[in-house]
Amino acid sequence: MTVCVGALADDGKSVVTITDKMISINAPMAYQYENDEVQKVYELKDKVIAMYAGPTNLADEIIKNAIIKVKESTPETVKEIADIVRDEYQQYRLTLLAEAVLKPHNLTIEEYKEKQKDLNQEVVNSIEKSLTEFNLLIDIIVCGLDETGGHIYTISNPGISILSDGVGYSCIGIGAPHALYSLIDASYTKSLSKKAVEQMLKEAKKRSENAPGVGKLTYTKTISLVSNE
């Protein structure tokens with residue numbers, strides 16, 4: 001549930017973002033709500049942020065772990081920061097996967113790799129199927145500015161990072177298709193001014209509210225190297 005959009009503007013000198021304020025929790029019971037205090041945007045470093053779609057309790061841990069690693073390693077580029085988030089995504093998925101799939105067989109990841117050839121083939125087949133299908137149901141946008149301009153990365157299950165600079169934007173969450181078509185209909189291009197792109201994203205978010213699970217409340221953030229012209 002949710003919608004998050006990040007888009008380049010001013011030929012890559014600005015990054016415009018927008019999200020709803022809907023929270024989804026999957027444990028111990030599934031529920032969702034929205035209020036003014038909800039914020040799905042995390043500052044990873046000056047002029048670099050992360051937004052997420054998916055279970056809040058899981059995404060929050062991934063991104064907060066990544067923030068710690070960013071502070072420890074002091075990366076210089078958006079790509080380096082996105083790679084850290086990607087690695088934390090992969091590691092968190094692996095940890096949950098081991099707990100959900102391997103622990104019932106009294107195995108760790110390392111033990112499974114070592115003992116796989118000695119296990120019953122039906123057990124191996126079942127485990128391999130579960131390993132392949134295990135999905136965190138989380139998408140994360142990492143976007144911001146560095147010395148080369150604005151960049152947008154989308155990180156999805158099982159921990160794949162995709163650069164979205166070519167098209168100029170990324171949409172995630174259940175409202176993503178609505179937002180995507182809104183930007184297409186508006187003839188979005190990354191050469192547009194940030195003011196124009198901000199308006200397009202507001203319209204895209206409004207349209208995404210037709211999807212079930214997208215909240216009515218809105219949060220926007222623009223990172224820029226240019227004036228407010």
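For the structure, check the block above.
Definitions and cut-offs
- Residues numbered from 1 in each chain as written.
- Predicted model: local features only at pLDDT ≥ 70, side-chain atom pairs only at ≥ 80, totals over all residues.
- Heavy atoms only, no water.
- Helix = DSSP H or I, 4+ residues; strand = E, 2+ residues; numbered from the N terminus.
- Rg over C-alpha atoms; globule rule 2.2 N^0.38 Å.
- Buried < 20%, exposed > 50% of the residue type's maximum accessible area, 1.4 Å probe, protein only.
- Pairing = 2+ DSSP bridges.
- Axes fitted to C-alpha atoms, helices over the stretch in contact; angles between N-to-C directions.
- Salt bridge = Lys/Arg side-chain N within 4 Å of Asp/Glu carboxyl O.
- Phe/Tyr/Trp six-rings, centres within 6.5 Å; stacked < 30°, edge-to-face > 60°.

**Description of the overall build of the protein**
Link 1 in the chain: Scanning the protein from terminus to terminus reveals six helices and 11 strands.
Link 2 in the chain: A globule of 229 residues ought to have a C-alpha radius of gyration of about 17 Å, and the protein, at 19 Å, matches this closely.
Link 3 in the chain: Each principal axis of the C-alpha distribution contributes one length, and for the protein these read about 65 × 40 × 30 Å.
Link 4 in the chain: Burial analysis of the protein (229 residues in total) assigns 48% to the buried set.

**Notes on the sheet that holds strand S7 (residues 139-146)**
Link 1 in the chain: Here we have five strands laid out as an open sheet, ordered S5-S6-S7-S8-S9, and antiparallel in their pairing. Edge positions in the open sheet fall to strand S5 (41-45) and strand S9 (160-163), since each of these has one partner strand only. Averaged over neighbouring strand pairs, the angle between their axes works out to 25° when direction is ignored.
Link 2 in the chain: Across four bridges, the pairing between S5 and strand S6 (residues 48-53) is antiparallel. Across the sheet, residue Lys45 finds its bridge partner in S6, namely Val48.

**Re the pattern of salt bridges**
Link 1 in the chain: Summed over all chains, the structure comprises 12 salt bridges.
Link 2 in the chain: Between Asp60 and Lys64 there is a salt bridge whose closest N-O contact spans 3.3 Å. Taken together, the residues span about one helical turn, with Asp60 and Lys64 both in helix H1 (residues 56-73) at a distance of four residues.
Link 3 in the chain: Judged by relative accessible area, Lys64 falls into the partly exposed class, the value being 44%.
Link 4 in the chain: Salt bridges here are not isolated pairs; linked through shared partners, they connect Lys79, Asp83, Arg86 and Asp87.

**Re unusual backbone geometry**
Link 1 in the chain: Here the bond from Asn157 into Pro158 is cis, since omega is 5°, no more than 30 degrees from zero.
Link 2 in the chain: Mapped onto the elements of the fold, Pro158 is located in the loop between strand S8 (149-156) and S9.
Link 3 in the chain: The backbone phi angle of Asp11 is positive, close to 55°, even though this residue is not glycine.

**Here's the deal with the packing of aromatic side chains**
Link 1 in the chain: Following the criterion strictly, the structure yields two aromatic pairs and no others.
Link 2 in the chain: Ring centres of Tyr42 and Tyr52 lie 6.2 Å apart, and the angle between their planes is 55°; this geometry places the pair in the tilted category. Here Tyr42 is found in strand S5, whereas its partner Tyr52 is found in strand S6, with 10 residues between them in sequence.
Link 3 in the chain: Under the relative-accessibility criterion, Tyr42 is labelled buried at 12%.
Link 4 in the chain: Centre to centre, the rings of Tyr169 and Tyr188 are 5.3 Å apart; their planes meet at 85°, and the pair counts as edge-to-face. Here the residue Tyr169 occupies a position in strand S10 (residues 169-172), and Tyr188 occupies one in the loop between helix H5 (176-185) and helix H6 (194-208), the gap between them amounting to 19 residues. Comparing Tyr169 with Tyr188, the two get one shared label, buried.

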